[in-house]
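Examination of the molecular architecture
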Amino acid sequence: MGQQSLDAWEHDERDSAFPERCLSVTVRGPWGHFRRIEGNVVKQTYRIIPRTTVAGLFAAVLGIERDGYYELFGPNRSAIAIEPVREIRTINMPMNTLSTADGDLQSLNGRGKLSVKLPDPTTLRQQHNYEVLVEPAYRIDVALADEERYRELRSMLEDGRSHYVPSLGLSEHLAELEYHGEFDVEPGPKATADDQPVAVDSAVPDGVEDVIFEAGTRCQVEESPAFMATDPGGRTTTEFTTYTYNPDAKPLRIRNVDAATVDGRTVVFV
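Attention here is on the structure that accompanies the text. (Residues numbered from 1 in each chain as written. Predicted model: local features only at pLDDT ≥ 70, side-chain atom pairs only at ≥ 80, totals over all residues. Heavy atoms only, no water.)

1. As for the overall build of the chain
Helix and strand content of the chain: 2 helices and 20 strands. Expressed as a percentage of the 270 residues in the chain, the buried residues total 42%. For the chain, the share of sequence-separated contacts (at least 6 apart) that also reach a separation of at least 24 residues comes to 77%. Accessible surface, the chain: about 14100 Å² in total, of which carbon and sulfur atoms supply 45%. (Helix = DSSP H or I, 4+ residues; strand = E, 2+ residues; numbered from the N terminus. Buried < 20%, exposed > 50% of the residue type's maximum accessible area, 1.4 Å probe, protein only. Contact = heavy atoms within 4.5 Å. Areas by Shrake-Rupley, 256 points an atom, 1.4 Å probe, with all protein chains shown as cover.)

Below is the structure:
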């Protein structure tokens, strides 16, 4: 069918777009690392899986090559909600690495028809400290305006198949995908600045000023990449999102929020 018209996405009375339906998946694994852009001696991780990483994860399921999926998951062409479903914990883990820069690779069977380049095993290892997520788990709701790709993704998830091995950031942090099904997306409870706050299960984009702080409830904020585009050098981040979330994987009470209801949960899409 090609691309689905965006007019098919429902709009509430404040003209905020919601998809009519979405696919819902929990992604989890023993470890995860979503490297923060800021440089540091310790390679720190985002706590909430970035939207760009979610797009790459589903692109791996679909078998789309690197840098080939940014438009598919671009603004006004996709909607993603991210909910932590397990307490967010991290540890620092030292790792020994080898450089994969072109100048540090050596060819195997260089005179044969098939040549493979690998890091030189005689090179001294470099040790880096990585901040690593422990048993991360996120429930992700995803909708695509491209109907053909949406149906393909649904079929792959239903069958438990993936073209490439999904991971949680680093290739060695393998991910398990649990498909919950396809759900209608209904407009959720509305809250203006003067209304009673809404309990939101997902991470809330740009919601830090509207959080109702309560005793015993933790709240954290982080900014992470949301959208990317190709450029002559490969790719670049075109937009960031600031997420507010509860690291204990519990709801936050928010005012002035456009929320949706998916499978009995209250989420906010980006």
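That covers the picture; the talk isn't over yet.
2. A look at the sheet that holds strand β6 (residues 78–84)
Strand order in the open sheet made by the 4 strands is β6-β11-β3-β12, with antiparallel pairing throughout. Each having just a single partner strand, β6 and β12 (176–184) make up the two edges of the open sheet. On average, each strand axis in the sheet is tilted by 20° relative to the strand beside it, whichever way the strands run. In the sheet, strand β3 (residues 21–28) pairs with β12 via 8 bridges, with the strands oriented antiparallel. Residue Val25 lies in a different strand from β12, and its bridge partner there is Tyr179. Helix α1 (residues 51–62) contacts β3, β6, β11 (137–144) and β12 of the sheet and is inclined by roughly 110° relative to β6. Where helix α2 (residues 147–159) meets the sheet, it contacts β3, β11 and β12, and its direction lies at approximately 45° from that of β3. (Pairing = 2+ DSSP bridges. Axes fitted to C-alpha atoms, helices over the stretch in contact; angles between N-to-C directions.)

3. Focus on the environment of Arg139
Take Arg139: it is sitting in strand β11. Through-space distance from the C-alpha of Arg139 to that of Ala81 is 8.2 Å; in sequence the pair is 58 residues apart. In this structure Arg139 touches Ser24, Val25, Thr26, Ala81, Ile82, Glu83, Val85, His180, Phe183, Asp263 and Arg265, once residues within four positions along its chain are discounted. Within polar-contact distance, the side chain of Arg139 engages the side chain of Asp263 at 2.8 Å. (Polar contact = N/O pair within 3.5 Å; in protein donor to acceptor, adjacent residues only side chain to side chain.)

4. Quick look at unusual backbone geometry
Despite not being glycine, Asp67 shows a phi value in the positive range, around 70°. Relative to the helices and strands, Asp67 resides in the loop between α1 and β6. Under the relative-accessibility criterion, Asp67 is labelled partly exposed at 24%.

5. A few points about the packing of α1 against α2
Where α1 meets α2, the axes come as close as 9 Å, and the angle between the chain directions of the two elements is 80°. With respect to each other, α1 and α2 are oriented roughly perpendicular. Between α1 and α2, the contacting residues are Phe58, Val61 and Leu62 on the first element and Arg149, Glu152, Leu153 and Met156 on the second. Looking at side-chain class alone, the contact of α1 with α2 contains 5 nonpolar, no polar and 2 charged residues. (Parallel < 35°, antiparallel > 145°, perpendicular 65-115°, else oblique. Nonpolar A, V, L, I, M, F, W, Y, C, P; charged D, E, K, R; others polar.)

6. Digging into the nonpolar core
Counting 37 residues, the largest nonpolar core has Phe73, Tyr138 and Leu153 as the members making the most contacts within it. Residue assignment for this core shows that the elements contributing at least two residues are β3, α1, β6, β11, α2 and β17 (234–245). Ignoring anything within four residues of it in the chain, the contact list for Phe73 reads Arg51, Ala55, Phe58, Ala59, Ser78, Ile80, Val142, Leu144 and Phe227. Counting residues in hydrophobic clusters, the runner-up holds 11 residues, among them Ala79, Ala143, Phe183 and Val262. (Core = buried A, V, L, I, M, F, W, Y, C linked by side-chain atoms within 4.5 Å.)

7. Quick look at empty space enclosed by the protein
All chains considered together, the criterion is met by 4 cavities of 30 Å³ or more. As for the largest cavity, its lining consists of Arg51, Thr52, Ala55, Tyr69, Tyr70, Phe73, Gly74, Ala226, Phe227 and Met228. Among the secondary structure elements, those contributing two or more residues to the lining of the largest cavity are α1 and β16 (220–231). Its residues assigned to classes, the lining of the largest cavity comprises 7 nonpolar, 2 polar and 1 charged. (1 Å grid on protein atoms, 1.4 Å probe; cavity = no way out; pocket = protein on both sides within 12 Å on 5 of 7 lines; lining within 4 Å. Points joined across faces, edges and corners; volume = space filled by probe spheres on them.)

8. Section: the side chain of Thr244
The topology assignment puts Thr244 in strand β17. Polar contacts involving the side chain of Thr244 include one to the main-chain amide nitrogen of Val208, which spans 3.2 Å. Residues in contact with Thr244, not counting those within four places in the same chain, are Ala203, Val204, Gly207, Val208, Val211, Cys219, Gln220, Val221 and Leu252.

9. As for the pattern of salt bridges
For the coordinates displayed, the defined rule picks out 16 salt bridges. A salt bridge links Asp263 to Arg139, with the nearest nitrogen and oxygen atoms 2.8 Å apart. Taken as a pair, Asp263 in the loop between β19 (257–262) and β20 (265–267) and Arg139 in strand β11 lie far apart in primary sequence, 124 residues in all. Overall, the relative accessible area of 10% leaves Arg139 in the buried class. Taken together, the shared-partner salt bridges in this structure form one network comprising Arg21, Glu147, Arg154 and Glu182. (Salt bridge = Lys/Arg side-chain N within 4 Å of Asp/Glu carboxyl O.)

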